Amino acid sequence: MSSVNEIRAAFLDYYAREGHQVVPSSPLVPRNDPTLLFTNAGMVQFKNVFTGVEKRPYSTATTAQKCVRAGGKHNDLENVGYTARHHTFFEMMGNFSFGDYFKERAIELAWNLTTKVFDLPKDRLLVTVYHDDDQAFDLWKRIAGLPDSRIIRIATSDNFWQMGDTGPCGPCSEIFIDQGDKLQGGPPGSPDEDGDRFLEFWNLVFMQYEQVAPGERLTLPRPSIDTGMGLERMAAIMQGVHSNYDTDLFRGLIRASVEAIGGDAEGPRRPSHRVIADHLRASAFLVADGVLPSNEGRGYVLRRIMRRAMRHAQLLGSEQPVMFKLVPALVREMGAAYPELVQSEALITETLKLEESRFRKTLTRGLQILDEESASLSAGGTLPGDVAFKLHDTYGFPLDLTQDALRARDIKVDTEGFQTAMARQRSDARKAWSGSGDAATEQVWFGLRDRFGATEFLGYDTEIAEGVV
Ligand code: ATP
Ligand code: MG
Ligand code: MG
Ligand code: MG
């Protein structure tokens, strides 16, 4: 059996042997890119290399990239604990060609690694191509020997990648595995493609055009390659399990969570332990990269992740701060590959402990209120927005925490009502303000209050379009 650590190393070794420069992961907070919330794909650190603005001493590279998809355009937060394949923090393995090789070699390399090194059974693999990409279709047929029925043409944006409104773009091709008909779900492109049976694990992007203006596309003289393979998904496949959370790495984290909290991780307790393990990774890696919990921007995404995990720990019966106790298990699993975890272990531990002790003061009372206020609601019902706002304003419950808490009972939150209550509170505060009469000072004061007060951060809406593989 291959452990997550072995698979990561095998991927990088393989591409290194094939002439690629092994480049370290870039931090989760993208450098020089205030429009992007977090690094969410392997290509992010190479954006300027693809456009030609930046030159590197190599033309091909391979990475294991730390990624967070918990905010902005790519937000998988709601999926965590509920799908077998989504995390907030995950590792994307990739190989890149900057005007060096193109489609044929990219497909050859990926297919060879998948079937010869990782030894996945050919007859269970299938691929997608962009509907008009005949070249990719023919290459898959020739190189992989796949029958036409397992090369699926897709016409949606799932198989066409763009860096932004302008810049490099091109068709993509994804590799899936059929995990057998005991699992629900249809092949890619079918109405029930989101099931667990057909699992996407690798996306190959063929950057062959440059969008210069709306509707105006040039063919790049030296096209490029950008690929992304989910490490946790590959580990699940190779370890013969149907959930990323059943791989060696996550089993280690869940074991630590069970030991710290008590009880087991079965039945209804399972999703909570999964959320805790996932959010522990995201929290620890974000703190290691310099993000601290706060009421705005990146810090607020981190706070939401931490508090969600804390509510799940409470749900499992933990009455004392507990997340910080899981840090050693994480360092054990991932510290060798990511030395920043070892260096920041004390900071991560203290940050979790502090946030947890603070939130603990209001969490129990807030949950009591939530119980009382939702007691009369049944499945399909809606919690009034002003209740969600009170929980937010007085008890520090991020909106998504309240939504997550009601999800098991299939109760929604009136989010419009929540926004209205928040806006009303702001304008009441302005009216009640008898300040200095100095309009400019008041402007600054309310600006600060709106930014740092008990406000909900609603995401970066300027995040670059599809800034991922
Ligand atoms: P999905 O359709 O499953 O949400 P995606 O199409 O959004 O995945 P890509 O943007 O193509 O994913 O990213 C490349 C690869 O990264 C995916 O094929 C998958 O293996 C992995 N990946 C993407 N999102 C996640 C996530 N939230 N958690 C774990 N792995 C992920
Ligand atoms: Mg996705
Ligand atoms: Mg997909
Ligand atoms: Mg994809």
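Residues numbered from 1 in each chain as written. Chains lettered and ligands numbered in written order. Predicted model: local features only at pLDDT ≥ 70, side-chain atom pairs only at ≥ 80, totals over all residues. Heavy atoms only, no water.

An unreviewed UniProt entry lists the chain under the name Alanine--tRNA ligase, with Terrihabitans rhizophilus given as the organism. Looking at the Sequence similarities (unreviewed entry) heading of the UniProt record, one finds this comment for the chain: "Belongs to the class-II aminoacyl-tRNA synthetase family." According to the UniProt record, the Subcellular location (unreviewed entry) comment for the chain is "Cytoplasm". (UniProt positions renumbered as here; feature names shortened; annotations may be inferred.)

Q: Before we go on, may I ask you to explain the overall build of the chain in this structure?
A: Broken down by element type, the chain carries 15 helices and 13 strands. For 469 residues, the compact-globule formula gives about 23 Å, and the C-alpha radius of gyration of the chain, at 24 Å, lands near that figure. Based on the C-alpha atoms only, the size of the chain along its principal axes is roughly 70 × 55 × 45 Å. Within the chain, the fraction of its 469 residues that count as buried is 56%. Long-range contacts, defined as pairs at least 24 residues apart, comprise 72% of the intrachain contacts of the chain with a sequence gap of at least 6. Per element, the accessible surface of the chain, about 20100 Å² overall, is 49% carbon and sulfur. Side-chain charges in the chain split into 53 positive and 65 negative, and the spacing between the mean points of these groups amounts to 3 Å. (Helix = DSSP H or I, 4+ residues; strand = E, 2+ residues; numbered from the N terminus. Rg over C-alpha atoms; globule rule 2.2 N^0.38 Å. Buried < 20%, exposed > 50% of the residue type's maximum accessible area, 1.4 Å probe, protein only. Contact = heavy atoms within 4.5 Å. Areas by Shrake-Rupley, 256 points an atom, 1.4 Å probe, with all protein chains shown as cover. Lys, Arg positive; Asp, Glu negative; His and termini not counted. Charge placed at Lys NZ, Arg CZ, Asp CG, Glu CD.)

Q: Looking at this structure, I do not really get the site of ligand 1. What am I missing?
A: Not every one of the 16 residues close to ligand 1 is listed here, only the nearest: Asp76, His86, His87, Glu200 and Asn203. Contact distances for ligand 1 include 3.3 Å between an oxygen atom and a side-chain N or O atom of Glu174. Backbone polar atom of Phe201 to an oxygen atom of ligand 1: 3.2 Å apart, as the coordinates give it. Calculation on ligand 1 without its partners gives an accessible area of 580 Å², and the protein chains cover 88% of this total. (Near = heavy atom within 4 Å. Polar contact = N/O pair within 3.5 Å; in protein donor to acceptor, adjacent residues only side chain to side chain.)

Q: Just checking my understanding: could you explain the coordination of the magnesium ion (ligand 4) for this structure?
A: Think of it this way: four donors in a tetrahedron around the metal ideally sit 109.5 degrees apart, and six in an octahedron ideally sit 90 or 180 degrees apart. Taken together, Glu174 (OE) and Glu200 (OE) make up the full set of protein donors to the magnesium ion (ligand 4), lying 2.0 to 2.2 Å away. A distance of 3.2 Å spans the gap from the magnesium ion (ligand 4) to the magnesium ion (ligand 3), which Glu200 bridges by coordinating each metal. Here Glu174 is found in strand β9 (residues 167–178), whereas its partner Glu200 is found in strand β10 (residues 198–213), with 26 residues between them in sequence. Under the relative-accessibility criterion, Glu174 is labelled buried at 6%. Residue class for Glu200 comes out partly exposed when judged on its relative accessible area of 28%. (Donors = N, O, S within 2.8 Å, 3.2 Å for Na, K, Ca; no water.)

Q: Teacher, can you tell me more about the pattern of salt bridges here?
A: Side chains bearing opposite charge may pair, as long as their charged atoms lie close to each other. Applying the stated criterion across every chain yields a total of 24 salt bridges. Across the pair Asp246 and Arg274 runs a salt bridge, and its minimum N-O distance is 3.8 Å. Here Arg274 lies in helix α7 (residues 269–288) and Asp246 lies in the loop between α5 (231–238) and α6 (248–261), a separation of 28 residues in the sequence. Taking the relative accessible area as the measure of exposure, Asp246 reaches 31% and is therefore partly exposed. As a salt-bridge pair, Asp404 and Arg308 come within 3.5 Å of each other at their nearest N and O atoms. (Salt bridge = Lys/Arg side-chain N within 4 Å of Asp/Glu carboxyl O.)

Q: Would you take a moment to explain the nonpolar core for this structure?
A: Across soluble globular proteins, nonpolar side chains have a tendency to be buried as a group. If you look at the biggest cluster of nonpolar residues, it comprises 110 residues, and the most contacted ones within it are Phe11, Trp140, Phe201 and Trp202. Here the element with the most residues in this core is α7; it accounts for nine residues. Beyond its immediate chain neighbours, meaning those up to four positions away, Trp202 contacts Phe11, Tyr15, Asn95, Ala110, Leu113, Thr114, Ser173, Glu174, Ile175, Thr227, Gly228 and Met229. Listed in part, the 20 residues of the second largest apolar core include Leu36, Met43, Phe50 and Val205. (Core = buried A, V, L, I, M, F, W, Y, C linked by side-chain atoms within 4.5 Å.)

Q: Sorry if this is basic, but what is going on with the state of the cysteines here?
A: Here, disulfide denotes a covalent bond that connects the sulfur atoms of two cysteines. According to the stated counting rule, one finds zero disulfides in the structure shown. Take Cys169: it sits in no disulfide, and the sulfur closest to it among the cysteines is that of Cys172, at 11 Å. Of the residues examined, Cys169 reaches a relative accessible area of 1% and is grouped as buried. Overall, the relative accessible area of 2% leaves Cys172 in the buried class. (Disulfide = S-S within 2.5 Å.)

Q: Even after reading the chapter, I still don't get the packing of aromatic side chains, so can you show me in this structure?
A: Centre distance and the angle of the planes are the two values used to describe a pair of aromatic rings. Applying the stated criterion across every chain yields a total of 16 aromatic pairs. Here the aromatic rings of Phe389 and Phe418 are separated by 5.9 Å at their centres, their planes lie at 70 degrees, and the arrangement is edge-to-face. Taken together, the residues span a long stretch of sequence, with Phe389 in helix α12 (residues 385–395) and Phe418 in helix α14 (residues 415–432) at a distance of 29 residues. For Phe389, a relative accessible area of 8% translates into the label buried. An aromatic cluster of three or more residues is present, and its members are Phe46, Phe50, Tyr58, Phe96 and Phe98. Here the basic side chain of Arg105 rests over the ring of Tyr101, its NZ or CZ set 5.7 Å away from the ring centre. A cation over an aromatic ring shows up here: Arg153 above the ring of Phe137, its NZ or CZ 4.5 Å from the ring centre. (Phe/Tyr/Trp six-rings, centres within 6.5 Å; stacked < 30°, edge-to-face > 60°. Lys NZ or Arg CZ within 6 Å of the ring centre and 35° of its normal.)

Q: Any chance you could explain the packing of α6 against α7 here in plain terms?
A: A pair of packed helices is captured by two measures, namely the crossing angle of their axes and the spacing between those axes. Packing of α6 against α7 leaves a shortest axis separation of 9 Å and a crossing angle of 110 degrees. As summarised for this structure, α6 and α7 are arranged roughly perpendicular, according to the angle between their axes. The way α6 lies across α7 gives a crossing that is right-handed. Here α6 contributes Leu249, Phe250, Leu253, Ile254, Ser257, Val258 and Ile261 to the contact with α7, which in turn contributes Arg269, His273, Arg274, Ile276, Ala277, Asp278, Leu280 and Arg281. A class-by-class count of the residues in the contact of α6 with α7 yields nine nonpolar, two polar and four charged. (Axes fitted to C-alpha atoms, helices over the stretch in contact; angles between N-to-C directions. Parallel < 35°, antiparallel > 145°, perpendicular 65-115°, else oblique. Left-handed = near helix turned anticlockwise from the far one by under 90°. Nonpolar A, V, L, I, M, F, W, Y, C, P; charged D, E, K, R; others polar.)

Q: What should I look at first to understand the layout of surface pockets in this one?
A: Where empty space is left can be seen by rolling a probe of water-molecule size over the atoms. In this structure, the largest pocket spans a volume of roughly 980 Å³. Together, 42 residues line the largest pocket, and Arg69, Asp158, Glu174, Glu200 and Arg233 are the ones closest to its centre. Put simply, the parts of the chain that give the lining of the largest pocket at least two residues each are β4 (74–75), β5 (89–97), β8 (160–162), β9, β10, β11 (216–230) and α5. The leading source of residues in the lining of the largest pocket is β10, at six residues. (1 Å grid on protein atoms, 1.4 Å probe; cavity = no way out; pocket = protein on both sides within 12 Å on 5 of 7 lines; lining within 4 Å. Points joined across faces, edges and corners; volume = space filled by probe spheres on them.)

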